[in-house]
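# Overview (structure and organization)
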Amino acid sequence: MKRRLSFGIALLTLAFCALPAFAAAPADPAADALAAIFAPAPDPGAPSQPQDAAKRPHIPTKSTCVANCWDGSTRTCTGASCSAVNSNCSSGQVGSCTGDSGTSSCPPCPCSASTTCSTSSSVFCSGTTECFSVTNCYAYCDGVYHWCARHGVCPL
């Protein structure tokens, strides 16, 4: 009986010591990489695997904006977001369009000024940036004064 017990213990010890020898060998990353590189190419007629939409790169939506200018022209801009303002010369609003590449402005609104002079004549001017007049004195457009023939003392 003692022999059988000794034989059983020896057999169990041998079995537990031999288990690591039967375990799988550790993975070799270099061998795995070489196997992937030299693996045969996939069949070109086989359909590609679908991608998960959440894993695809996000492409921002492009917006396009258009500003209508007073002279009939337009300014167009694009970007992930953009904004446009139409020309409104009666309120002094110069149109513009702003997007990813910057701001594009419409031409300045035209302006004009006229005044009646004391000699029953008048002066008139037109410009694009600033126009105003002073009665019996001058009309002013884009930095140029257009004086009445007899104006006396006038404010500037």
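This is a predicted model, so every value here is computed, not measured.

When you go through the chain residue by residue, the secondary structure sums to two helices and 10 strands. Counting from the amino terminus, the chain carries its helices and strands in the arrangement α-α-β-β-β-β-β-β-β-β-β-β. Counting only residues that meet the buried cut, the chain has 17% of its 156 residues in that class. Taking contacts inside the chain between residues at least 6 apart in sequence as the whole, the part at least 24 apart equals 15%. Counting only carbon and sulfur atoms, one obtains 60% of the accessible surface of the chain, whose full area is about 11,900 Å².

With that settled, consider the packing of aromatic side chains. Applying the stated criterion across every chain yields a total of six aromatic pairs. Ring geometry for Phe132 versus Tyr138: centroids 6.4 Å apart, planes at 70 degrees, classification edge-to-face. Centroid distance Tyr138 to Tyr145: 5.0 Å. Interplanar angle 80 degrees. Geometry classified as edge-to-face. Given the relative accessible area of 32%, Tyr145 is considered partly exposed.

Here the focus is the state of the cysteines. Should the sulfur atoms of two cysteines be covalently bonded, the bond is a disulfide. Enumeration over the complete set of coordinates arrives at eight disulfides. Paired through a disulfide, Cys65 and Cys82 show a sulfur-sulfur distance of 2.0 Å. Judged by the sign of its S-S torsion, about 85 degrees, the cystine formed by Cys65 and Cys82 is right-handed. With Cys65 in strand 1 (residues 63–68) and Cys82 in the loop between strand 2 (74–79) and strand 3 (83–85), this residue pair connects regions lying 17 residues apart in the sequence. Note on Cys65: relative accessible area 14%, which makes it buried.

The next subject is the nonpolar core. Counting residues in each nonpolar core, the largest one holds seven residues, listed as Ala113, Cys117, Val123, Cys125, Ala139, Cys141 and Cys148. In this structure, Cys141 is in contact with Ala113, Cys125, Ser126, Gly127, Glu130 and Cys131, ignoring residues within four places of it in sequence. With five residues, the next largest nonpolar core counts Cys65, Ala67, Cys77 and Cys82 among its residues.

Moving on, we come to the sheet that holds strand 8 (residues 131–134). Pairing is antiparallel in the open sheet, where three strands are placed in the order 8-9-10. Of all the strands in the sheet, just strand 8 and strand 10 (144–147) have a single pairing partner and so form its edges. Across the sheet, the mean angle separating the axes of adjacent strands is 15 degrees when strand polarity is ignored. In the sheet, strand 8 pairs with strand 9 (residues 138–141) via four bridges, with the strands oriented antiparallel. Residue Ser133 lies in a different strand from strand 9, and its bridge partner there is Ala139.

What follows concerns the pairing of strand 7 (residues 122–127). Residue alternation in strand 7 divides its side chains into a buried set, Val123, Cys125 and Gly127, and an unburied set, Ser122, Phe124 and Ser126. With six bridges connecting them, strand 6 (residues 111–116) and strand 7 associate as antiparallel partners. Each bridged residue has a counterpart across the sheet, and for Ser114 the counterpart in strand 7 is Phe124.

Criteria and cut-off values
What you see as residue numbers is a count from 1 along each chain, following the sequence as written. pLDDT decides what is reported in this predicted model: residues at 70 or higher carry local features, side-chain atom pairs at 80 or more are listed and counted, and totals for whole chains, interfaces and linings draw on all residues regardless. Here the side-chain values reflect all heavy atoms present in the structure, with hydrogen atoms and water set aside. Labels follow the DSSP assignment, with helices taken as runs of H or I lasting at least four residues and strands as runs of E lasting at least two, numbered in each case from the N terminus. The classification of residues rests on relative accessible area computed with a 1.4 Å probe and restricted to protein chains. Under 20% of the type maximum is buried, over 50% is exposed, and intermediate values are partly exposed. Residue contacts are defined here by distance: any two heavy atoms, one from each residue, within 4.5 Å place the two residues in contact. In short, Shrake-Rupley with a 1.4 Å probe defines the accessible areas, and a residue's cover is counted only from the protein chains shown. Only rings of Phe, Tyr and Trp enter the pairing, Trp through its six-membered ring, and a pair is recorded when the two centres are within 6.5 Å. The plane angle decides the type: under 30 degrees is stacked, over 60 is edge-to-face, the rest tilted. A pair of sulfur atoms, both from cysteines and within 2.5 Å, is called a disulfide here. As used here, the term nonpolar core means buried Ala, Val, Leu, Ile, Met, Phe, Trp, Tyr and Cys residues forming a set that is joined through side-chain atoms within 4.5 Å. Following DSSP output, two strands are said to pair if at least two bridges run between them. Here the axes come from fitting lines to C-alpha atoms, over the contacting stretch only for helices, and the angles between their N-to-C directions go from 0 to 180 degrees.

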